[in-house]
Number of protein chains: 2
Amino acid sequence: MQQSTKALLRLRQMILGGELDVDERLSEPKLVERIAVSRTPIRVALVKLEHEGLIEALPSGGYKIRVFNKQDVFDAIELRGTLEGLAARRAAENRPTRRALAGLARALTELDDILSGETLSEDDFSRYMNANATFHDTLLDLAASPVMREALARTVALPFASPSAFVMAQAGLPESHQILHIAQYQHHRLYEAIEAGESSRAEDLAREHARLAKRNLEIVLEQDPAVPNLPGLQLIKDAGAF
Amino acid sequence: MQQSTKALLRLRQMILGGELDVDERLSEPKLVERIAVSRTPIRVALVKLEHEGLIEALPSGGYKIRVFNKQDVFDAIELRGTLEGLAARRAAENRPTRRALAGLARALTELDDILSGETLSEDDFSRYMNANATFHDTLLDLAASPVMREALARTVALPFASPSAFVMAQAGLPESHQILHIAQYQHHRLYEAIEAGESSRAEDLAREHARLAKRNLEIVLEQDPAVPNLPGLQLIKDAGAF
DNA sequence: TATCGATTATATGTATACAACTTGAATACC
DNA sequence: GGTATTCAAGTTGTATACATATAATCGATA
């Protein structure tokens, strides 16, 4: 693996995992020490992370970790919903063959399978997260648009904007089972709409589906102040004041 | 100015202006020679341009200029329309005060003024382009969402996705006057919708407004094969085969 | 003559050196 | 006592050196 890749992955992990002080300048020499890579690949990673939106350049040089307020988070989710809506509409307009839909159908069946039990184990949540990611990714494939794929990839670079962001966080919540079933209901309807070429319906469903993530976030944050296992939560300013 | 900024601006100019061979690896030593800056800031610029989508990394290292097909271009325009639609909807939902709307109204009036004459000079097209950019930018201000602003900024980084992309290109076309009037009609209706808080209408109008750029592109490219003054056109594969 | 292989040349990725600048602190000054 | 001011330590931005990997060239062989 390239050193710059190592630096990027590690730095992202450090930022999302809360290993670095927010509101402080990211000192390159200190990062050199912690990541064990020279300044050059670290600077490459910093440039990339700025474009991702996880850090921001300081006027006097260098970077600092970016913090978001709750409106930013909601906007990011709304933005994802809009882009997935566009992709879903395009997917429906493309009138995919049964063969092209097979991947999406498979993800759907796996999600059904995971949710079939009475209760969900920690492992089930993890499986759900993966299968959910696959579903969303396969949907994007059906849109068959590199431009849209990139736009969406850039959007979900913000940690809480990802379709799978809050799945793990709600493991253990009493409402979780029901929420996941609602999400899966929406997945099914989305599949139907795309299969039938109902493009407007597909777009609306994808949008509303993303808004479920908003509700998830609200529910998770209303819980115990003992903050849940949500990577990147410390990047949200006043997370306790939700 | 920083060397890396100089390198970024110059490189972007070289790519869009067709000063570099497409389908060839961007040789860093040669760029050093042409831009008169060391490899370090050039590499920074290359990383940024890759994120912008203007160049792509080669599997064996280095970068090459990215080429787009017509579907990519249409998708980029559709994407911009979708994002501007989201911004317009949000702007309408925000119920801006008359004072907040003043900037948008001013851009609208200036556009009216430019179009008031019987014919349009080269200079008028240039003025239109600027005022049009201001209108779209001010609209984005009204959405008051950094997340959306960034998403749109990343989208219009593709040269032909910008709201002003085809304005200059159509200077001299017989249809141009009419097209600009239609665009301005849409601007007015968009303003009305935002002022009245008609969010769905605002969204639809913004989307359809972007699709006018698609028609512009089609018209411009159906013209004389003597390719018009459209920066970045050589990045579109088979532009002649439209 | 065309294709494969070895060798040379060149480019990329990384580390490091250096200069200009920023930041923090200590001291002088009001 | 509080505010400038100067100085030092540290940091960033840039240039360059070096090792490894890639591309090109030339020659050999089928």
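To be clear, the structure that these remarks concern was listed above.
Along every chain, residues carry numbers that run from 1 in the direction the sequence is written. Both sets of labels track the order of writing: A upward for chains, 1 upward for ligands. Only residues with pLDDT of at least 70 are given local features in this predicted model, and only at 80 or more are side-chain atom pairs given and counted; all residues enter the totals for whole chains, interfaces and linings. The basis for every side-chain value is the complete set of heavy atoms in the structure, and neither hydrogens nor water enter the calculation.

A. Summary view of the packing of helix α4 (residues 70-93) of chain A against helix α7 (residues 146-155) of chain A. All names here are of chain A. Axis definition: a line fitted to C-alpha atoms, limited for helices to the stretch in contact. Angles are taken between N-to-C directions and run from 0 to 180 degrees. Helical segments are the DSSP runs of H or I of at least four residues, strand segments are the runs of E of at least two, and each set is numbered from the N terminus. Viewed as axis vectors pointing N to C, α4 and α7 meet at an angle of 160°, and their least axial separation amounts to 10 Å. The orientation of α4 with respect to α7, classified from their angle, is roughly antiparallel. The handedness of the crossing between α4 and α7 is left-handed. Taken together, the residues of α7 that come into contact with α4 (itself represented by Ala76, Leu79, Arg80, Leu83, Glu84, Leu86, Ala87 and Arg90) are Met148, Ala151, Leu152 and Thr155. Each angle gets one of four labels, with under 35 degrees taken as roughly parallel, over 145 as roughly antiparallel, 65 to 115 as roughly perpendicular, and the rest as oblique. Definitions for this section: a left-handed crossing has its near helix turned counterclockwise from the far helix by less than a right angle. A right-handed crossing has that turn clockwise. A contact between two residues is defined here by any heavy atoms of the two lying within 4.5 Å.

B. Inspection of the protein's contact with DNA strand C at higher detail. Distances are taken per atom, and a residue is near a molecule or strand as soon as one of its heavy atoms is within 4 Å of it. Every one of the 19 residues lining DNA strand C counts as a neighbour, but Gln3, Ser38 and Thr40 of chain A together with Arg39 and Arg43 of chain B are closest to it. The sugar-phosphate portion of DNA strand C accounts for 68% of its atoms within 4 Å of the protein, the bases making up the rest. Gln3 of chain A places a polar main-chain atom, nitrogen or oxygen, 2.5 Å from a phosphate oxygen of DNA strand C. Think of a polar contact as two N or O atoms within 3.5 Å of one another; within protein, one of them needs to be a possible hydrogen donor and the other a possible acceptor, and neighboring residues in sequence only count if both atoms come from side chains. Leu26 of chain B places a main-chain nitrogen or oxygen 3.1 Å from a phosphate oxygen of DNA strand C. Looking at the surface near DNA strand C, the elements that each hand over two or more residues are α1 (3-16) and α3 (39-52) of chain A together with α2 (28-35) and α3 (39-52) of chain B.

C. Highlighting α2 of chain B. Residues and elements named next belong to chain B. Considered for burial, the residues of α2 that qualify are Glu28, Leu31 and Ile35. With its buried residues spanning 55° around the axis, α2 presents them on a single face. Residues Pro29, Lys30 and Glu33 are exposed on α2 and point more than 90 degrees away from its buried face. On the buried face of α2, the contacting elements are α1 (3-16) and α3. Following α2 by one or two positions, Ala36 adopts a phi angle in the positive range, close to 65°. Relative accessibility under 20% of the residue-type maximum defines a buried residue, over 50% an exposed one, and the middle range a partly exposed one, all with a 1.4 Å probe and only protein chains included. Throughout, the arc means the angular range of directions from the helix axis out to the C-beta atoms.

D. Local environment of the side chain of Glu28 of chain B. All names here are of chain B. Its place among the elements puts Glu28 in helix α2. Accessibility expressed as a relative area gives 10% for Glu28, which makes it buried. Within the structure, the side chain of Glu28 is placed 3.2 Å from the side chain of Arg43, a separation counted as a polar contact. Glu28 has contacts with Arg39, Ile42, Arg43 and Leu46, leaving out every residue within four places of it along the chain.

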